[in-house]
Amino acid sequence: MTDPTTGTATDVSVIRNVRPWGGDAADLHVADGAITAVVPHDATVGPAAGGVADGEVDGRGLLALPGLVNAHAHVDKSWWGKPWVSYGGEPGVQARIAHERAHRDELGIPGVDVTLAVLRESVRTGTTAVRTHVDVDLGVGLRGIEVVREAVAELGGAVHAEIVAFPQDGVLRRPGVLELLDRAAAAGAEHVGGLDPATIDRDPVGQLDGLFEIAERRGVGIDVHLHDGGELGAFQIELMVDRTLRAGLQGRVNVAHGFAVGQLDGSRQADLVAAMGEAGITMTTVAPIGAASLPLLALRGAGVAVGLGTDGIRDLWSPYGTGDLLALTTQLARLSGLRYDEELVTAARVASADAARFVGREVHDLVPGAPADVVLLDAENVPDAVVRAPRRALVVAAGRVVARDGEVLV
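Conventions used here
Residues numbered from 1 in each chain as written. Predicted model: local features only at pLDDT ≥ 70, side-chain atom pairs only at ≥ 80, totals over all residues. Heavy atoms only, no water. Pairing = 2+ DSSP bridges. Helix = DSSP H or I, 4+ residues; strand = E, 2+ residues; numbered from the N terminus. Axes fitted to C-alpha atoms, helices over the stretch in contact; angles between N-to-C directions. 1 Å grid on protein atoms, 1.4 Å probe; cavity = no way out; pocket = protein on both sides within 12 Å on 5 of 7 lines; lining within 4 Å. Points joined across faces, edges and corners; volume = space filled by probe spheres on them. Nonpolar A, V, L, I, M, F, W, Y, C, P; charged D, E, K, R; others polar. Buried < 20%, exposed > 50% of the residue type's maximum accessible area, 1.4 Å probe, protein only. Contact = heavy atoms within 4.5 Å. Phe/Tyr/Trp six-rings, centres within 6.5 Å; stacked < 30°, edge-to-face > 60°. Lys NZ or Arg CZ within 6 Å of the ring centre and 35° of its normal. Core = buried A, V, L, I, M, F, W, Y, C linked by side-chain atoms within 4.5 Å. Polar contact = N/O pair within 3.5 Å; in protein donor to acceptor, adjacent residues only side chain to side chain. Lys, Arg positive; Asp, Glu negative; His and termini not counted. Salt bridge = Lys/Arg side-chain N within 4 Å of Asp/Glu carboxyl O. pLDDT = per-residue confidence, 0-100.

With that settled, the discussion passes to the sheet that holds strand β9 (residues 191-195). Read from one edge of the open sheet, eight strands run β6-β7-β8-β9-β10-β11-β12-β13, paired in parallel fashion. The sheet is open, and its two borders are formed by β6 (68-73) and β13 (306-308), each paired with just one other strand. Recorded for the sheet is a direction-independent mean angle of 25° between the axes of neighbouring strands. With three bridges connecting them, strand β11 (residues 253-257) and strand β12 (residues 282-285) associate as parallel partners. Residue pairing in the sheet places V255 in a bridge with M283 of β12.

On to empty space enclosed by the protein, then. Rolling a probe over the atoms, with the probe sized like a water molecule, indicates the empty space that remains. The final tally for this structure, using the stated rule, is four cavities of 30 Å³ or more. What the largest cavity holds in volume is close to 120 Å³. Residue lining of the largest cavity: 14 residues in total, with T285, A287, P288, S293 and L294 positioned closest to the centre. The class makeup of the residues in the lining of the largest cavity is ten nonpolar, four polar and no charged.

With respect to the helices and strands, R243 occurs in helix α6 (residues 230-247). Residue R243 is classed as buried on the basis of its relative accessible area of 9%. Spatially, the C-alpha atoms of R243 and E213 are 10.0 Å apart, while their sequence positions differ by 30 residues. With residues near it in sequence (within four places) discarded, R243 still touches V205, L208, D209 and F212.

This brings us to the packing of aromatic side chains. Applying the stated rule across the entire model yields one aromatic pair. For the cation-ring pair, R349 lies above W21, with the distance from its terminal atom to the ring centre recorded as 5.0 Å.

Turning our eyes to something else, we now look at the nonpolar core. The biggest cluster of nonpolar side chains holds 108 residues, and the ones touching the most others in it are I15, L181, I222, I237, M240, V261 and M276. In terms of residues, this core owes the most to one element, α6, which gives six residues. In this view, M240 contacts L208, F212, V224, L226, V255 and I281; residues no more than four positions away in its chain are not counted. Within the second largest apolar cluster, seven residues are counted, among which are A71, A305, F358 and V359.

In this fold, E106 is placed in the loop between α1 (93-103) and α2 (112-124). At a separation of 3.2 Å, a polar atom in the side chain of E106 contacts the side chain of H103.

Bringing the layout of surface pockets into the picture now. Approximately 840 Å³ is the volume attributed to the largest pocket. Forming the walls of the largest pocket are 29 residues, and the residues nearest its centre are V286, T310, D311, G312 and S318. For the lining of the largest pocket, the element with the highest residue contribution is helix α10 (residues 325-335), accounting for three residues. Tallied by class, residues from the lining of the largest pocket come to twelve nonpolar, 13 polar and four charged.

Looking along a regular strand, one sees the side chains alternate between the two faces of the sheet. Within β6, six of the six residues are buried, which leaves the element mostly enclosed by the surrounding structure. In the sheet, β6 pairs with strand β7 (residues 127-135) via four bridges, with the strands oriented parallel. Bridging from a neighbouring strand, A73 pairs with T132 of β7.

With respect to the helices, strands and loops of the structure, E162 is situated in strand β8 (residues 160-166). At 4.7 Å, R131 is the nearest oppositely charged side chain to E162, a buried residue that forms no salt bridge. At 2.8 Å, the side chain of E162 forms a polar contact with the side chain of H191. Excluding its chain neighbours within four sequence positions, the residues that come into contact with E162 are V130, R131, T132, E190, H191, F358, V359 and G360.

Across the chain, pLDDT averages 95, with 96% of residues at or above 70. Within the model, the stretch residues 1-6 combines pLDDT values under 50 with 13 contacts to residues more than four positions away or in other chains.

This part covers the pairing of strand β4 (residues 34-40). In this structure, strand β3 (residues 26-31) lies alongside β4, joined through six bridges in antiparallel fashion. Residue V30 lies in a different strand from β4, and its bridge partner there is I35. Turn length for the β3-β4 hairpin, with the two strands adjacent in sequence and antiparallel, is two residues, and the turn residue D32 shows positive phi of about 50°.

Turning our eyes to something else, we now look at the environment of D196. With respect to the helices and strands, D196 occurs in the loop between β9 and α5 (204-218). Classification of D196 by relative accessible area gives buried; the value is 2%. Residues D196 and L294 lie 98 residues apart in sequence; the distance between their C-alpha atoms is 18 Å. Looking at D196, its side chain comes within polar contact range of the main-chain nitrogen of H227, at 2.6 Å.

Dropping the structure here:
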């Protein structure tokens, strides 16, 4: 669906004169929503007298990156687009859960309108794919998943989304939630989630056994929010490593946050990271300020894929967040101590091409066969783009121009 107040998304056949990943000028040819060819740009080929034919985009020599991938979002929770909501409630995970449950209905959460608002803001800044955790609990049932699917459909392909059925209020401590997660998986949710098995349910073995049983039976992935630090957190990751190997779920289990990994010392950290790599367990981070940074380069070196996400954006947990994943990439790079050009390029890849697996894609890059998800921006090179996070000049998703110069067209 197109919002007539914001313009019209247009189909693309070729994006001319762009610099993929800061390289030489090239033309990206597009058909059926995918990149079909990447060829060197020839200034003598194309519309005469500087004109632009239908379906052609003049890239003006801008830097081109793949569409950004938000690997950890909560698009069902945001109050983006509504009048300011003052932060309330008590600190701590348990207190935030209670506060959210008490006030989400009055804000229309979950709702298609608020979900659309935050998704459109994400598109404006270049996000074209998202893994979103959607609350599943005894109060809302599976309604949040239906809301997110409807909002994604309204955008007509501007955002590709995978859903994690997320038990924000606990799994075992709320009888009936495991059954809801099973129903969500049976109905098409790509992943089932968990939350601090030790400190929320106080039964890490029981929660993880329940999640892995659903994952094996329904053929879905697992994505566990793990805030528990130190050895308690490490112990729960080890439980996941063991179950992943026994279930043959390598590459399908993710640890979100995983603060414990950043808190462990020397050889203990190295051993745990190596075990995660062997089990094909992935991690997602939201680059939080004040928490121990994940050893990003060490994780990647051990074969542990790392994704970057926004977490909540202006919700009942926090008034912060803008949905701008490139700005968050700047934060990730700074918190990780990345300074060399190749390290800054790595940060950009974490937020885009290398996150393909987090949204169920084989490839998400500026190469033939990849979805035609492209972000153009005025930057000298990729390190410059990561450090400055300049305005996105053009956003193409599935072969359509969906945002231009800060204006969303869907």
